[in-house]
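Structure assessment
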Amino acid sequence: MQPISIYIHIPFCVRKCAYCDFTSFPGRSAQMETYLSAVCREMRAQAAFFGRRQVSTVFIGGGTPTLMSGGQAQRLLDALRACFDVAPDAEITMEGNPGTVTAQSLAAYRAAGVNRLSLGVQSLDDGLLAAIGRIHTAAQAREAVRLARAAGFENLNLDLMFGLPGQSAAQWAQTLSEAIALAPEHLSCYSLIVEEGTPLSEQLEAGACAALPDEDELGCMDELTERLTACAGFARYEVSNYARPGFECRHNIVYWACEPYLGLGCAAHSDMDGRRFYNPSDWAGYLRMAESGSPARDAEGENTRQDRMFERMMMGLRMVRGVDCARFARDFGEAPEDVWPGVIARDLRVGLMERDGDFLRLTERGMQVMNSVLVELL
Ligand code: SF4
């Protein structure tokens, strides 16, 4: 059977960042034990149903997973290994907030088997960090990198955000250059998306914070990102992700390639053997579900074949390598060129797409207009 990936959501944070609309509960981490017991119950029930599958990647995300103690992380991963056949070379990532890590906790996570750390640095400018409500400073982010290396992490990602209120292209270049100087193996560089209902969106509407950079400035930041990362030896392998050779995030590639994954914890989503389902995103609802012993398995029902084909293209084209057409044809009985003959033939002709062996991908120009390419496919 095909190996799976596992996502575990840890929905606790010290306090809510101004732009955040993820499922996370600030100030509640005293309930970590109760929560982890619920996750372990859910894990056992899902393993009983889906079988002791081989697991090739694990991602412990949040929220702020680094609010777990070393002992709690160890128990969580021990429980996972008791339920599933976690491959000896599995990529095991934990997300961390630089304001919550210590030398001891990082060493304990590493000893528990976490072999990739993803630090939410976001910016190395204290003014911007404060403006978006992060709990840490730039100095703490640098120190977290030093501590991670000292704890033995050899695969380190830094999450960065650009397009922040009042941010100039020069400030972005400064943060990115300093982040590169910290010598991570991987960089995720996301443009800020202001979600409705977040404190940041209200501040912007009320004119209570600096304005967002305009389209030209954003374009300039995007170009800077490509140029600075390439000069430093990173290859872009997805719209927002850059890695040194061999350090692409295997877990995220599973999502973009639409391969199976099981999500555990509050608000986690799953795509297992053609079934889509997701867990309640409210605290009480999640605990109730986990205690019931019958976790979600088909809340979202079956997606139509058409939905799945479009999703395979939409996710696959985010990657520089593109969509695996041979696998597409195996899974759906026809190749992408047969499903969308007019659109793909035209995009190939005008240089928005190209074929590379089994893979169909966007060219550099195609990547710049990805949304309009996808709308045509839709
Ligand atoms: S640390 Fe992450 S999950 Fe927590 S509030 Fe900030 S952005 Fe949201």
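I will try to describe carefully the structure that is included in this document.

**Overview of the pairing of strand 1 (residues 4–10)**
By the criterion of burial, strand 1 is predominantly enclosed, with 7 of the 7 residues buried. Judged by which residues are buried, strand 1 turns out to be covered on both faces: Ile4, Ile6, Ile8 and Ile10 on one side and Ser5, Tyr7 and His9 on the other are all buried. Relative to strand 11 (residues 261–264), strand 1 runs parallel, the two being bridged by 4 bridges. Across the sheet, residue Tyr7 finds its bridge partner in strand 11, namely Gly263.

**Thoughts on helix 1 (residues 32–50)**
Two residues of an α-helix separated by three or four positions point the same way, owing to the 3.6 residues in each turn. Between its first and last C-alpha, helix 1 extends 26 Å over 19 residues, near the 27 Å set by a 1.5 Å rise per residue. Contact partners of the buried residues in helix 1: strand 1, helix 2 (70–83), strand 11 and helix 10 (283–292). In the segment just after helix 1, Gly51 is the residue with positive phi, at about 95°.

**Some details on the environment of Val121**
Within the secondary structure, Val121 sits in strand 6 (residues 116–122). For the pair Val121 and Glu154, spaced 33 residues apart in sequence, the C-alpha to C-alpha distance is 17 Å. Other than its neighbours up to four places away in sequence, Val121 contacts Pro98, Ala141, Leu158, Asp159, Leu160 and Ala179.

**A closer look at the environment of Gly51**
Inspection of the secondary structure assignment puts Gly51 in the loop between helix 1 and strand 4 (54–62). On the basis of neighbour counts, which here come to 12 C-beta atoms within 10 Å, the residue Gly51 falls in the exposed class.

**Details of the sheet that holds strand 16 (residues 359–362)**
Spatially, 3 strands are ordered 14-16-15 in an open sheet, and the strand pairing comes out antiparallel. Either end of the sheet is taken by a strand with one partner, and the two such strands are strand 14 (323–324) and strand 15 (353–356). As defined by bridge partners, strand 14 adjoins strand 16 across 2 bridges and the pair is classed as antiparallel. For Asp324, the partnering residue across the bridge sits in strand 16 and is Phe359.

Cut-offs applied
Residues numbered from 1 in each chain as written. Predicted model: local features only at pLDDT ≥ 70, side-chain atom pairs only at ≥ 80, totals over all residues. Buried ≥ 20, exposed ≤ 12 C-beta atoms within 10 Å, placed from the backbone. Helix = DSSP H or I, 4+ residues; strand = E, 2+ residues; numbered from the N terminus. Pairing = 2+ DSSP bridges. Expected span 1.5 Å × (residues − 1). Contact = placed C-beta atoms within 7 Å.

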